[in-house]
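A structural walkthrough
Residue-level listing of the chains:
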Amino acid sequence: MESGIRHVLESQQFDRELLEKLFKATDACRHTIDHHNEISAGLTTRLRGRIMLQLFYEPSTRTRFSFFMAGKRLGMDVCWTENAREFSSAIKGETLEDTIRILCEFGPHVIVLRHHETGAAVRAAAVSTVPIINAGDGSGQHPTQALLDIYTIWKSFGHVAGLKVAMMGDLANGRTVRSLSYLLTKFSEVKIIFISPPHLTMSNDIKTWLAGKGVDFQETDSPFPALYEADVVYCTRIQKERGGQMSDDDTQRFQIGTREMSWLKPKTIVMHPLPRNAEIATEVDSDPRAKYFEQAGNGMYIRMALLLWVLGEEI
Ligand code: CP
């Protein structure tokens, strides 16, 4: 199953056909891991001798470790810096472009990049001799997160078409909701409900894109009754590191607790890219509709499939 994908930079690269191929490839990666967490022989060595370089200018738990584990499970070697703003020569004034050029001289096979500036992954890809995977660029995009998000939705319902997806929280500064919005346009009859305080609404470029694709969407600053009709509730935290702020009142109003769970339909799922702050009360964790930990776990399988794809391997 080949993809033709070299770099993974933004969600718009993925059309419906490619997404369905990715879901199958991800399932194949998942199925090779048996109940004892051992991978079938073929896959464990598939990327032996290849090196993943993780260049992270911003903090990460899920993205960095799931890429690390995905690479290791495929036999890769992995090297990294986890605070490149401080621990790389960026602190001495080296540009991202020069850093990428230098790293390519050392012969990695793929570079996984998280950066604080929007557009950084595209800039890196322009000078890189190896595939670049965007692991989040400022307030821009987080395509691999969106891919694991859409895969989680697809696994939960068996389809994406026709679902009502409510995104709630800091929609102005979050990159995951942007990337997920792009992917949702690939499926028919999807309805998106953006729920946020008025100062944290989804940005106009995404709304213009959705309108251009004929996607039904609405905006509201009230969780009820939007939550009542949603099939998917996708919560996001306040992006304080990008200037997002929420009053204590709003923090409570846009929180999912046991009362809000009682509004949801029995099959509605609750998602969150994590890390969470106060958006979802811990009491919700034991509810079978809470999918956010499983969602994060799906990230490793999606990233295994993506690593195989960008390195030209069939699954
Ligand atoms: N969801 C996500 O990107 O988490 P990390 O910042 O921990 O990678």
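Our subject is the structure that appears above.
On a predicted model such as this, the values are computed, not experimentally measured, just so you know.

Here's the deal with the packing of helix H3 (residues 62–73) against helix H13 (residues 292–310)
For any two helices packed against each other, the geometry comes down to the angle between their axes and how far apart the axes lie. Two elements in contact, H3 and H13, have axes whose closest approach is 8 Å; the angle formed by their N-to-C orientations is 50°. Comparing the axis directions of H3 and H13 gives the class oblique. Between H3 and H13 lies a crossing of right-handed hand. Of the residues in H13, those touching H3 at Arg62, Thr63, Ser66, Phe67, Met69, Ala70, Gly71 and Arg73 are Ala296, Gly299, Met300, Arg303, Met304 and Leu307. Of the residues contributing to the contact of H3 with H13, the split by class is 7 nonpolar, 4 polar and 3 charged.

Thoughts on the layout of surface pockets
Space inside the largest pocket adds up to approximately 420 Å³. At the level of elements, H3 and helix H8 (175–184) are the ones that each hand at least two residues to the lining of the largest pocket. Broken down by class, the residue content of the lining of the largest pocket amounts to 4 nonpolar, 10 polar and 7 charged. In this model, the second largest pocket occupies a volume close to 160 Å³. Lining the second largest pocket are Gly169, Thr236, Ile238, Lys240, Gln245, Met246, Thr251, Phe254, Asn277, Ala278 and Glu279. Each residue belonging to the lining of the second largest pocket can be placed in one class, and the counts come to 4 nonpolar, 5 polar and 2 charged.

Focus: the site of the ligand
Contacts to the ligand come from Pro59, Ser60, Thr61, Arg62, Thr63, Arg114, His142, Gln145, Pro273 and Leu274. Note that an oxygen atom of the ligand is positioned 2.7 Å from one of the backbone N or O atoms of Thr61. Taking Leu274, its main chain carries an N or O atom lying 2.9 Å from a nitrogen atom of the ligand. Expressed as a share of its isolated accessible area of 250 Å², the protein-covered part of the ligand is 91%. When atoms are counted within 2 Å of each cavity's grid points, the one that captures over half of the ligand is the largest pocket. When its residues are assigned to classes, the shell around the ligand shows 3 nonpolar, 5 polar and 2 charged.

Calculation rules
Residues numbered from 1 in each chain as written. Predicted model: local features only at pLDDT ≥ 70, side-chain atom pairs only at ≥ 80, totals over all residues. Heavy atoms only, no water. Axes fitted to C-alpha atoms, helices over the stretch in contact; angles between N-to-C directions. Helix = DSSP H or I, 4+ residues; strand = E, 2+ residues; numbered from the N terminus. Parallel < 35°, antiparallel > 145°, perpendicular 65-115°, else oblique. Left-handed = near helix turned anticlockwise from the far one by under 90°. Contact = heavy atoms within 4.5 Å. Nonpolar A, V, L, I, M, F, W, Y, C, P; charged D, E, K, R; others polar. 1 Å grid on protein atoms, 1.4 Å probe; cavity = no way out; pocket = protein on both sides within 12 Å on 5 of 7 lines; lining within 4 Å. Points joined across faces, edges and corners; volume = space filled by probe spheres on them. Near = heavy atom within 4 Å. Polar contact = N/O pair within 3.5 Å; in protein donor to acceptor, adjacent residues only side chain to side chain. Areas by Shrake-Rupley, 256 points an atom, 1.4 Å probe, with all protein chains shown as cover. Sits in = over half its atoms within 2 Å of the grid points.

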